[in-house]
Amino acid sequence: MTEPPGRRERKKAATRQKIADAALRLFLERGYDAVGIREVAAEADVAVTTLFSHFAAKEALVFEQDENFEQRLTQAVTGRAPHEPLVPALRREIHAMVRHCTADGAVPVRRLIDESRALREYEDSMRLRHAESLAAAIADDPGLSPTSTAGRAIARFVIDAYALAREAADPEAAVDEVFRMIEAAWEVAAPSENSTGLTSAAT
């Protein structure tokens, strides 16, 4: 009997999480480079083909929240309230992401990434992809009017704010500091959106 879509999706998500948990456990115990894909699959009790159906590369096993983070960033643009200015919505989401990635439990994972050239390079390419997705969401919003270059620049600034704040002594303060600069740049890039936001705030 065919499983209903809801149950099928839950099973897929559970399998994906089981693989990611098994991989991280092995990586933290033995080091990223010392663990092979077959060992991860065996630890998770799945076939190698099943592992690759959920994760396109070994590096992706460490960044299990990659897709979720990308969706959250674009939804900060597409899901914000009518007439809500863009920058505060993005700042709110970056604050949440930074809190997640600087929690005590995330410290060993950060160390794992810092110690592996392959993981650092994968993270760099991931950030570029996130920035392009965010730029596309900004460009597709009819209420925003930056040029393509300005939209992509703002998107990269936002992604860099996340990376810089995560490494700061006071991540929350760092997010606010960087976003003050982003807000100033956005006022130049999309003056019509900012004037609309100011009008809305005043009424």
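Computed from a prediction, not measured in an experiment: that's the story for all the values here.

**A few points about the pattern of salt bridges**
All told, the structure shown has 17 salt bridges when counted by the stated rule. With its nearest N and O atoms 2.5 Å apart, the salt bridge here joins Glu 39 to Arg 30. Classification of Glu 39 as partly exposed rests on a relative accessible area of 33%. Judged by its relative accessible area of 42%, Arg 30 is partly exposed. Taking the shortest distance from any N to any O, the salt bridge between Arg 80 and Asp 141 comes out at 2.8 Å. Note that Arg 80 is positioned in the loop between α4 (66–78) and α5 (86–101) and Asp 141 in the loop between α7 (117–140) and α8 (148–167), a separation of 61 residues in sequence. Exposure remark for Arg 80: the relative accessible area of 16% places this residue in the buried category.

**As for the environment of Thr 147**
Structurally, Thr 147 can be placed in the loop between α7 and α8. Sequence-wise, Thr 147 and Val 87 are 60 residues apart; in three dimensions their C-alpha atoms are separated by 16 Å. There is a polar contact of 3.1 Å between the side chain of Thr 147 and the backbone nitrogen of Ala 150.

**Brief notes about the side chain of Ser 133**
Here Ser 133 is to be found in helix α7. Those residues in contact with Ser 133 that lie beyond four places of it in its chain are Glu 70 and Thr 74.

**Some remarks on the layout of surface pockets**
For the largest pocket, the calculated volume is near 540 Å³. Contributing to the lining of the largest pocket are 28 residues, with Val 62, Gln 65, His 100, Cys 101 and Val 109 lying nearest its centre. At the level of secondary structure, the elements contributing two or more residues to the lining of the largest pocket comprise α1 (5–30), α4, α5, α6 (107–114), α7 and α8. Grouping the amino acids of the lining of the largest pocket by side-chain chemistry returns 16 nonpolar, five polar and seven charged.

Reading the values: the criteria
Numbering of residues starts from 1 in every chain and runs along the sequence as written. Where local features are concerned, this predicted model is filtered to residues with pLDDT of at least 70; where side-chain atom pairs are given and counted, the filter is 80 or more; whole-chain, interface and lining totals use all residues. Side-chain metrics in this entry use all non-hydrogen atoms of the structure; hydrogen atoms and water are not considered. A pair is scored as a salt bridge if a Lys or Arg side-chain nitrogen falls within 4 Å of a carboxyl oxygen belonging to Asp or Glu. Burial here depends on accessible area, computed with a 1.4 Å probe over protein chains only, as a share of the maximum for the residue type. Under 20% is buried, over 50% is exposed, and the range in between is partly exposed. For helices the rule is a DSSP run of H or I covering at least 4 residues; for strands it is a run of E covering at least 2, with both sets numbered from the N terminus onward. Pairs of N or O atoms are called polar contacts if they sit within 3.5 Å, as long as, within protein, a hydrogen donor faces a hydrogen acceptor (for residues adjacent in sequence, only side-chain-to-side-chain pairs). Any two residues whose heavy atoms approach within 4.5 Å are treated as being in contact. In the cavity and pocket records, a cavity denotes points on a 1 Å grid over the protein atoms alone where a 1.4 Å probe fits but cannot get out, a pocket denotes an open set with protein on both sides within 12 Å along at least 5 of 7 lines, and lining residues are residues with an atom within 4 Å of a point. Grid points are joined across faces, edges and corners, and a volume is the space filled by probe spheres set on the points. All residues other than Ala, Val, Leu, Ile, Met, Phe, Trp, Tyr, Cys, Pro, Asp, Glu, Lys and Arg, Gly among them, are scored as polar; the first ten of these are nonpolar and the last four charged.

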